[in-house]
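Listed below, chain by chain, are the residues.
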Amino acid sequence: MIEKKGLLEALVDGFVIFDKHGRTVDIDLMDYPNSPTLLVEDVTDALKRVSGDRVVGSADRGETWRVKAMILSTEAVESLSDDSYRAEELLGAIEAAGLRWVVCPISSL
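Remember, it's a predicted structure, so these values are computed and weren't measured experimentally. (Residues numbered from 1 in each chain as written. Predicted model: local features only at pLDDT ≥ 70, side-chain atom pairs only at ≥ 80, totals over all residues. Heavy atoms only, no water.)

Enquirer: So, the overall build of the protein chain: which residues are in play, and what are the values?
Expert: Across its full length, the protein chain carries three helices and eight strands. Shown N-terminal to C-terminal, the secondary structure of the protein chain runs as helices and strands in the order β-α-β-β-β-β-β-α-β-α-β. A separation of at least 24 residues holds for 63% of the contacts in the protein chain among residues at least 6 apart in sequence. About 7200 Å² of surface is accessible on the protein chain, with carbon and sulfur atoms providing 45% of the total. The distance from the centre of the 12 positive side-chain charges to the centre of the 20 negative ones in the protein chain is 9 Å. (Helix = DSSP H or I, 4+ residues; strand = E, 2+ residues; numbered from the N terminus. Contact = heavy atoms within 4.5 Å. Areas by Shrake-Rupley, 256 points an atom, 1.4 Å probe, with all protein chains shown as cover. Lys, Arg positive; Asp, Glu negative; His and termini not counted. Charge placed at Lys NZ, Arg CZ, Asp CG, Glu CD.)

The structure is reproduced here in structure tokens:
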């Protein structure tokens, strides 16, 4: 789970970079915007659409990303409630705070 308190404690120079589990990730921030940012990579695995327990078709890998890390500024972290979040809940919480995500492709972390 991702917690506001943990994100605040992990802030370095006004930013925190973390994975979907809330673990900090060490990368250079020079090339990333000053907005909530999703660092994504292409999906190379085969993807299938599933309905119930049946495969009903293929998904287009070219239109799919895997989120490797998220970057939040102090302002973005402070806009969160004191709840714990799963990564997908955090996406909505940032948007509910009136902030917009920026998507930045990366090759790997």
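Enquirer: An account of the environment of Glu63 is needed here, citing residue identities and associated values.
Expert: Examined against the element boundaries, Glu63 turns out to sit in the loop between β5 (54–58) and β6 (65–73). Considering only alpha carbons, one finds Glu63 and Asp42, 21 residues apart in sequence, at a separation of 8.7 Å.

Enquirer: Describe the pairing of β5, with residues and values.
Expert: The buried count for β5 comes to zero of five residues, which makes it a mostly uncovered element. Here strand β4 (residues 48–51) runs beside β5; their pairing, made up of four bridges, is antiparallel. Directly across from Arg49, in β5, lies its bridge partner Gly57. (Buried < 20%, exposed > 50% of the residue type's maximum accessible area, 1.4 Å probe, protein only. Pairing = 2+ DSSP bridges.)

Enquirer: Can you tell me about the pattern of salt bridges, naming the residues and giving the values?
Expert: Scanning the entire structure with this criterion turns up six salt bridges. A salt bridge links Arg23 to Asp19, with the shortest nitrogen-to-oxygen separation between them at 3.0 Å. The closest approach of N and O atoms between Arg86 and Glu88, which form a salt bridge, is 2.8 Å. Overall, Arg86 belongs to the partly exposed group, its relative accessible area being 42%. Put simply, Glu41, Arg66 and Lys68 are held in one network by salt bridges that share partners. (Salt bridge = Lys/Arg side-chain N within 4 Å of Asp/Glu carboxyl O.)

Enquirer: Could you give an account of the sheet that holds strand β8 (residues 102–105), naming the residues involved and the relevant values?
Expert: Strands sit in the order β2-β6-β3-β8 across an open sheet of four strands; the sheet is mixed. Looking at which strands have only one partner, the edges of the open sheet turn out to be β2 (15–18) and β8. Within the sheet, the average angular offset between the axes of one strand and its neighbour, ignoring direction, is 25°. Sheet topology note: the strand β3 (residues 37–42)/β6 ladder contains six bridges and is antiparallel. Residue pairing in the sheet places Leu38 in a bridge with Met70 of β6. In the packing of helix α3 (residues 87–96) onto the sheet, contacts are made with β2, β3 and β6, and the angle to β6 comes to roughly 50°. (Axes fitted to C-alpha atoms, helices over the stretch in contact; angles between N-to-C directions.)

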